[in-house]
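Residues per chain, in single letters:
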Amino acid sequence: MLRQSLLLLLISTLAVSEVQVYNAKGESCETLLYTESIGLTIGTANVTDLIGLNHNETCSTTGTTTTMVISFGDVKDTIKDLKVSLSFSHTDTGYWSTNMVTVSFNESATSAVTLTGRFTSGDMVSTSFSFACSLQSTTTLTSTTPARKAEVSLAKYQIQAFNVADSKFADSYQCVNWISKGAWMGVFTGVVLIVVLVLSVMMLMSTTTPDRFETSKSKCLIIPHEH
């Protein structure tokens, strides 16, 4: 009985930690996305995790923009033909950035919804590298007709939009820097204090004492104004 309970616990743990690698291929383009969770929230509804759902991926290129489209089909009665698009742009100098997230679906046979938002997680990443982040990234999407709001979240993800070789990720550029902004502020403040201290010591060392002193029998000292 105990063994069965442990086995069920192990199976449930593995199910919770399910991950997904999306490999989109198209004419002259290939993109990779690894993530532990793709959370979709539309309006005030509960979060829908898209990991594990049936899907297919496509990739297309227009100018300097590459778009990865993941089609999930019918997710709910009110979310049919769901598609999540991630677009990426690159520069002539060999750097790429995340660009836009687009979610489109049909609420009914006659009602189509498209929501778009800025995807600002990765910026100026070398095209020879992938982009990885252990933090959760949340993108807010909106539409005007009809007026809707949604959120797409990625948890512990890795993306490579250009120069994919053998359907494998290249070395990654991490979203978390080795030194934080607070640490940089502390270093800058320390440098300023050290400079002020050094200048103060130099000014004290350059101060000279008079070599003549007044006595009751001597004439009064006359100090020129320039001193």
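Residues numbered from 1 in each chain as written. Predicted model: local features only at pLDDT ≥ 70, side-chain atom pairs only at ≥ 80, totals over all residues. Heavy atoms only, no water.

Asks: Report on the overall build of the chain, specifying residues and quantitative values.
Replies: Across its full length, the chain holds two helices and 13 strands. Relative to its 227 residues, the chain shows a buried fraction of 30%. A sequence separation of at least 24 residues applies to 52% of the contacts in the chain between residues at least 6 apart. When the accessible surface of the chain is summed, it comes to about 15300 Å², and 59% of that surface belongs to carbon and sulfur atoms. (Helix = DSSP H or I, 4+ residues; strand = E, 2+ residues; numbered from the N terminus. Buried < 20%, exposed > 50% of the residue type's maximum accessible area, 1.4 Å probe, protein only. Contact = heavy atoms within 4.5 Å. Areas by Shrake-Rupley, 256 points an atom, 1.4 Å probe, with all protein chains shown as cover.)

Asks: Explain the packing of aromatic side chains residue by residue, including any values.
Replies: Considering all chains together, one arrives at four aromatic pairs under this definition. For the ring pair Phe88 and Trp96, a centre distance of 5.8 Å and an interplane angle of 80° mean the geometry is edge-to-face. Trp96 carries the same exposure label as Phe88, and that label is buried. Cluster of aromatic residues (ring-pair linked, three or more members): Phe88, Trp96 and Phe162. (Phe/Tyr/Trp six-rings, centres within 6.5 Å; stacked < 30°, edge-to-face > 60°.)

Asks: How would you explain the nonpolar core if you had to name every residue and give the values?
Replies: In a soluble, globular protein the nonpolar side chains are often hidden away together inside. Grouped together as the largest cluster of nonpolar side chains are 36 residues, with contacts concentrated most on Leu33 and Phe88. Broken down by element, the residue count for this core peaks at five residues, all from strand E12 (residues 147–160). Sequence-distant contacts of Phe88, that is, excluding residues within four places in its chain, are made with Thr64, Thr65, Thr66, Met68, Trp96, Ser97, Thr98, Asn99, Phe119, Ile159, Ala161 and Phe162. (Core = buried A, V, L, I, M, F, W, Y, C linked by side-chain atoms within 4.5 Å.)

Asks: Residue-level account of unusual backbone geometry, with values.
Replies: A positive phi is found at Asp81, a non-glycine position, where the angle reads about 55°. If you trace the backbone, Asp81 turns up in strand E7 (residues 80–90). In this structure, Asp166 is a non-glycine residue whose phi angle is positive, near 60°.

Asks: Please set out a nonpolar patch on the surface residue by residue, giving values where relevant.
Replies: A cluster of nonpolar residues, Trp184, Val187, Val191, Ile194, Val195, Val198, Leu199, Met202 and Met203, forms a patch on the protein surface that exposes about 870 Å² of accessible area. Residue position: Leu199 is located in helix H2 (residues 181–205). (Patch = residues over 30% accessible without salt bridge, like charges linked within 9 Å, V, L, I, M, F, W, Y side chains within 5 Å. Salt bridge = Lys/Arg side-chain N within 4 Å of Asp/Glu carboxyl O.)

Asks: Please set out the environment of Val101 residue by residue, giving values where relevant.
Replies: Along the chain, Val101 falls in strand E8 (residues 95–106). Discounting residues that sit within four places of it in the chain, Val101 has contacts with Ser85, Leu86, Leu115, Thr116, Gly117, Phe119, Thr139, Leu141 and Val152.

Asks: Help me get a handle on the pairing of strand E6 (residues 65–73), residues and values and all.
Replies: In this sheet, E6 lies alongside strand E5 (residues 56–62) in antiparallel orientation, the contact comprising seven bridges. Across the sheet, Thr62 pairs through a bridge with Thr65, a residue of E6. In this structure, E6 lies alongside E7, joined through eight bridges in antiparallel fashion. Of the residues in E7, the one forming a bridge with Ser71 is Lys83. Connecting the antiparallel pair E6 and E7 is a turn made up of six residues. (Pairing = 2+ DSSP bridges.)

Asks: So, the confidence of the model for the chain: which residues are in play, and what are the values?
Replies: On average, residues of the chain carry a pLDDT of 80, and 81% of them reach 70 or more. Element-level pLDDT for the chain is lowest in helix H1 (residues 2–16), with a mean of 40, against a maximum mean of 90 in H2. Low pLDDT, under 50, characterises residues 1–17; the predicted model gives this stretch zero contacts beyond four residues in sequence or across chains. (pLDDT = per-residue confidence, 0-100.)

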